[in-house]
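Coordinate analysis (summary)
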Amino acid sequence: MLDRYGRSINYMRISITDRCNLRCRYCMPDGIPWVPMEEILTYEELEMLAREAAGIGIRRIKVTGGEPLVRRGCPSFVGMLKRVPGIEQVTLTTNGVYLADYAEELKENGLDAVNVSLDTLNPQRFFEITGRDALGRVLDGLDAALQYQIPLKINAVLQKGRNEEEWPELASLARERRLDVRFIEMMPIGHGRNYESIANEEILRQLEMQYGPLARDNRVHGNGPAVYYRVPGYQGSIGFISAMHGKFCEYCNRIRVTSTGDIKSCLCFEDRISVRDALRAKDTQEVRNLLDLAIRNKPAAHRFEETDMVTEQQEMSSIGG
Ligand code: SAM
Ligand code: SF4
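Residues numbered from 1 in each chain as written. Chains lettered and ligands numbered in written order. Predicted model: local features only at pLDDT ≥ 70, side-chain atom pairs only at ≥ 80, totals over all residues. Heavy atoms only, no water.

1. What to know about the site of ligand 2
Filter applied, for reference: The cutoff for a nearby residue is simple: one of its non-hydrogen atoms must lie within 4 Å of the molecule or strand. For this classification, Asp, Glu, Lys and Arg are treated as charged, while Ala, Val, Leu, Ile, Met, Phe, Trp, Tyr, Cys and Pro are nonpolar and the rest, including Gly, are polar.
Close to ligand 2 lie Cys20, Leu22, Cys24, Cys27, Met28, Gly66 and Asn95. Each residue belonging to the shell around ligand 2 can be placed in one class, and the counts come to 5 nonpolar, 2 polar and no charged.

Okay, here's the thing in structure tokens:
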């Protein structure tokens with residue numbers, strides 16, 4: 001379906017839980033209350049939503065959270081989504097802690113690709129950033145995804161004064177392994193407001209100082225706004241998602257659904273349309289009307305660069321990234 005600016009909206013991110021087993025300082029530090037379980041949509045309700053979304057042109061779904069793998073039955077839910085007529089691709093975003101445990105089951109259920117969020121390769125720094133001592137498990141998760149041949153991307157968010165110097169080590173994962181590494185600029189959502197965003201242009205500039213001008217990699221690599229480059233000698237590509245320093249809203253193709261059934265058409269603004277009552281009433285026509293309304297009301301662009309204009313007050317963990 002086209003929105004009123006002519007953008008084709010074909011991608012939906014579904015958050016299946018607001019809970020998480022890590023406590024990333026910019027996303028879900030300690031002390032964030034969790035939503036009661038009865039307010040969280042069931043997998044059957046989410047599947048109904050996916051069917052109606054497919055009916056108006058959604059083709060690709062990302063399962064996210066919180067941490068999606070802490071919700072029991074996540075791999076089977078991937079299988080449910082894969083069987084929805086019209087849905088062509090189902091992918092997952094995870095912190096990777098449980099990926100080694102579930103990679104085989106995810107593969108069996110048809111998962112098309114996985115993104116693992118990983119901001120550092122230093123165990124102490126991992127603890128400082130995430131509040132947990134789990135780097136080894138995440139690295140095992142990367143190995144498991146590769147072992148089961150699930151296409152893999154690493155998502156890294158750099159923080160000034162904490163891990164910004166580590167980008168060359170993170171990037172070199174794409175040299176050593178068959179995976180892409182993407183750098184995501186910190187956005188002023190939730191506790192992310194307390195951090196300064198590092199410009200991806202600067203990383204690209206330094207990469208090009210080392211390797212010379214890099215060729216753009218225009219093969220389709222994912223669902224959205226990342227710009228990819230080939231680096232000589234690397235197995236995978238390096239991608240940049242530059243929400244702050246490279247506005248990509250004119251190409252935005254997505255809507256988001258929170259675990260409680262709020263449809264969000266832009267990350268920046270608090271506006272939501274709740275589809276939960278319609279799902280619980282099994283009113284499929286109303287579900288479709290609400291999806292349609294959310295897409296038609298999708299704003300032209302975010303306004304992250306003007307902090308006062310960012311009206312979203314919730315944490316990224318409750319929205320799904
Ligand atoms: N737990 C899963 C994970 O970590 O991949 C899925 C949910 S998490 C909210 C999705 C992504 O959002 C992660 O890559 C995380 O680094 C990113 N994220 C969280 N807060 C952010 C912020 N303020 N700016 C940019 N990215 C953010
Ligand atoms: Fe959890 Fe992902 Fe947020 Fe980290 S970024 S706290 S892993 S939801």
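2. Describing the site of ligand 1
The condition is simple: For the purposes of these results, a polar contact is taken to be a pair of N or O atoms within 3.5 Å, where, inside protein, one atom must be able to donate a hydrogen and its partner to accept one; residues adjacent in sequence count only when each atom of the pair is a side-chain atom. Using a 1.4 Å probe, accessible areas were evaluated by the Shrake-Rupley method; residue-level cover was limited to the displayed protein chains.
Taken together, 19 residues lie around ligand 1, and Tyr26, Gly66, Thr93, Ser117 and Met187 are the ones closest in. A distance of 3.0 Å separates an oxygen atom of ligand 1 from a polar side-chain atom of Tyr26. Thr94 has a polar backbone atom sitting 3.4 Å from an oxygen atom of ligand 1. Within the complex, the protein chains bury 94% of what would otherwise be the 550 Å² of accessible surface of ligand 1. By residue class, the composition of the shell around ligand 1 is 7 nonpolar, 10 polar and 2 charged.

3. Details of the state of the cysteines
Filter applied, for reference: Here, the term disulfide refers to a pair of cysteine sulfur atoms separated by no more than 2.5 Å. Accessible area is worked out with a 1.4 Å probe on protein chains only. A residue is then buried under 20% of its type maximum, exposed over 50%, and partly exposed in between.
All told, the structure shown has 0 disulfides when counted by the stated rule. Cys268 provides the cysteine sulfur closest to Cys266, a residue in no disulfide bond, and the two sulfurs are 5.3 Å apart. Using a relative accessible area of 13% as the deciding quantity, one classes Cys266 as buried.

4. Examining the packing of aromatic side chains
The line we're drawing: Under the pairing criterion, centres of Phe, Tyr and Trp rings, with the six-membered ring standing for Trp, must be within 6.5 Å; the plane angle then separates stacked pairs below 30 degrees from edge-to-face pairs above 60, leaving the rest tilted. Note on conventions: DSSP H or I runs of at least 4 residues are helices, E runs of at least 2 residues are strands, and numbering of each starts at the N terminus. Two conditions define a charge located above a ring, namely a distance within 6 Å from the ring centre to NZ of Lys or CZ of Arg, and an angle within 35 degrees of the ring normal.
Inspection of every chain in the model, using the stated rule, returns 5 aromatic pairs. When the ring of Tyr43 is compared with that of Phe77, the centres are 4.6 Å apart and the planes differ by 15°; the resulting orientation is stacked. Taken together, the residues span a long stretch of sequence, with Tyr43 in helix H1 (residues 43–55) and Phe77 in helix H2 (residues 74–82) at a distance of 34 residues. For Tyr43, a relative accessible area of 11% gives the class buried. For the ring pair Phe183 and Phe240, a centre distance of 6.1 Å and an interplane angle of 25° mean the geometry is stacked. Highlighted residues: Phe183 in strand S6 (residues 180–184) and Phe240 in strand S9 (residues 238–241), separated in sequence by 57 residues. The class for Phe183 is buried, based on a relative accessible area of 1%. The exposure class assigned to Phe240 is buried, which follows from its relative accessible area of 4%. Grouped by ring-pair contacts, the aromatic residues Phe183, Tyr229 and Phe240 constitute a single cluster. Above the face of the Tyr43 ring, Arg71 is positioned so that its terminal group lies 4.1 Å from the ring centre.

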